[in-house]
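Working through the structure, step by step
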Amino acid sequence: MAKVKTKYVCQQCGYETARYMGKCPECGQWDTFVEETVTKDISSNNLRIDNTPPPVLIKDVQIGKEIRVSTNISEFDRVLGGGLVQGSLVLLAGDPGIGKSTLLLQTGGELSKSGKKILYISAEESASQVKLRSDRLNVNTDNLYIYPQTNFELIKKHIIEQKPDMVIVDSIQAIYSDNIQSSAGSVSQIRECCNELMHIAKSENITIIVIGHVTKEGNIAGPKVLEHMVDTVIQFEGDKYKSYRTLRAVKNRFGNTSEVGIFEMGANGLAEVINPSEICLKEYNQSQSTGSVIIVTNEGTRPMLVEIQALVGTTPYPSPRRVTNGVDFSRVLQILAVLEKRVGLNLSKQDVYVNVIGGIDVQEPAADLGIALAVATCARDVMIDSHTAIVGEIGLSGEIRAVNNIEKRIKEVEKLGFKKIIIPANNSVDEKFENIQIVKVKRIIDAISACISKEATIL
């Protein structure tokens, strides 16, 4: 006889309880408990002991030469740490319409050209709909199989029978298991299906990439344990109304989590952006204005030049507005407080808008000095020298603190034709640069004086 159990599960964090609760004691959310009936066959709990390999010494473990498989997409390989690891479980998450299915279908097409057998599980689209996308992406090979199915037991059966080199599941929220009597996308379904996929990936040495949805807050939908189960969590970021996308590793057991990949969405799918600095600066010299500066930010180990614009104006309202796009809001408030206290810039009755051009999110503190100079020069209507780049972190006392990878940043600025770069005084530069002037500053007021060109006039 099947054993039937009823429980209430929080749809935000996966907390389970025997009775209904208005507020989840784990995550603090209200009205998130849903009653679920779990039917589990007790006979299916028997472990397959005969197929389980015995423990081995770590020194006797042999690693094959093809433990990593290149996707033939260099930006994707960069984020993965050099390629896909065999037998790994990868979670790719992002907003709707950001390009998750497009990227993985392109990846499957590239791998199938190399002789790899790819199984694409389409739980949200029919085979004809996937075919329409593949025609647009020019993906048409003999080793790419499409299987539109939502039942996990059937999916598992075909994976075991066909033994593909890589499986793509689109998406984890759309498939369901008959062992869990709840709707697809619930916490129990996601947890059970992901656990079974992990077992398949490790036991059969099959690389599995799973697409995950995100909530309106930007978090990955489902229980938090989903992120702990998988080997790699990759976030697909960017504004879906703009063409540029950022691929960022949030968790990676086999590589560095600081690397990012830049893509551009076009009519034929996602194209790699080899030099994102040139893309971001395409329109900078054409329409320079007050409050516009160039910063050198690090995306992983790669320096990238980004334009930051600030707009400061008198507010007609009792409370001034602070609006940011592409930078941390609380960080901007801290910089404004430092400008008022240490520089004497009165912004208490000024609206301040800060925007990063290109839809790129700048997270590192090395952008502080660029934001401060953009706000300060716009407030005084002073134009910054268009051949100047800025990098530096600001302390609460107004000092400019050192940043990492300074020589790589200077090389990138010099390569793109800039004549001057403002850096923290505590950063030591051992290499000699002949085509660019390096200006070291200790405080914000020194940076404001150094960045204004001699030809600049107060408007």
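Quick caveat: nothing in here was measured; it's all calculated off a predicted structure.

Attention shifts here to the packing of helix α8 (residues 329-343) against helix α11 (residues 444-451). One can describe the packing of α8 onto α11 by two numbers: an axis separation of 10 Å at closest approach and a directional angle of 95 degrees. Looking at the two axes, α8 sits roughly perpendicular to α11. Seen from α8, the contacting residues are Val338, Leu339 and Val343; seen from α11, they are Ile444, Ile445 and Ile448. Among the residues making up the contact of α8 with α11, the classes are represented as six nonpolar, no polar and no charged.

A word on the pattern of salt bridges. One pass over the full model with this rule turns up 18 salt bridges. Taking the shortest distance from any N to any O, the salt bridge between Arg331 and Glu393 comes out at 3.5 Å. Of this pair, Arg331 sits in helix α8 while Glu393 sits in strand β21 (residues 393-394), and the two are 62 residues apart along the sequence. Put simply, Lys7, Glu16 and Arg191 are held in one network by salt bridges that share partners.

Here seven strands make up an open sheet; going across it, the order is β18-β19-β17-β16-β20-β23-β24 and the pairing mixed. For this open sheet the edge positions go to β18 (322-325) and β24 (437-441), each flanked by a neighbour on one side alone. Here the strands of the sheet are splayed against their neighbours by 25 degrees on average, with no regard to which way each runs. In terms of strand pairing, strand β23 (residues 420-424) meets β24 through five bridges, oriented parallel. Within β24, the residue paired with Pro424 across the bridge is Val441. Contacts from helix α9 (residues 368-379) reach β16 (292-299), β17 (302-314), β19 (350-356), β20 (388-390), β23 and β24 within the one sheet, and its direction differs from that of β17 by about 30 degrees.

Taken together, the side chains of Val56, Ile58, Val61, Ile63 and Ile67 present a nonpolar region at the surface, about 540 Å² in accessible area. Relative to the assigned elements, Ile67 resides in the loop between β3 (33-40) and β4 (68-69). What makes Ile67 partly exposed here is its relative accessible area of 35%.

Rules and cut-offs
- Residues numbered from 1 in each chain as written.
- Predicted model: local features only at pLDDT ≥ 70, side-chain atom pairs only at ≥ 80, totals over all residues.
- Heavy atoms only, no water.
- Axes fitted to C-alpha atoms, helices over the stretch in contact; angles between N-to-C directions.
- Helix = DSSP H or I, 4+ residues; strand = E, 2+ residues; numbered from the N terminus.
- Parallel < 35°, antiparallel > 145°, perpendicular 65-115°, else oblique.
- Contact = heavy atoms within 4.5 Å.
- Nonpolar A, V, L, I, M, F, W, Y, C, P; charged D, E, K, R; others polar.
- Salt bridge = Lys/Arg side-chain N within 4 Å of Asp/Glu carboxyl O.
- Pairing = 2+ DSSP bridges.
- Patch = residues over 30% accessible without salt bridge, like charges linked within 9 Å, V, L, I, M, F, W, Y side chains within 5 Å.
- Areas by Shrake-Rupley, 256 points an atom, 1.4 Å probe, with all protein chains shown as cover.
- Buried < 20%, exposed > 50% of the residue type's maximum accessible area, 1.4 Å probe, protein only.

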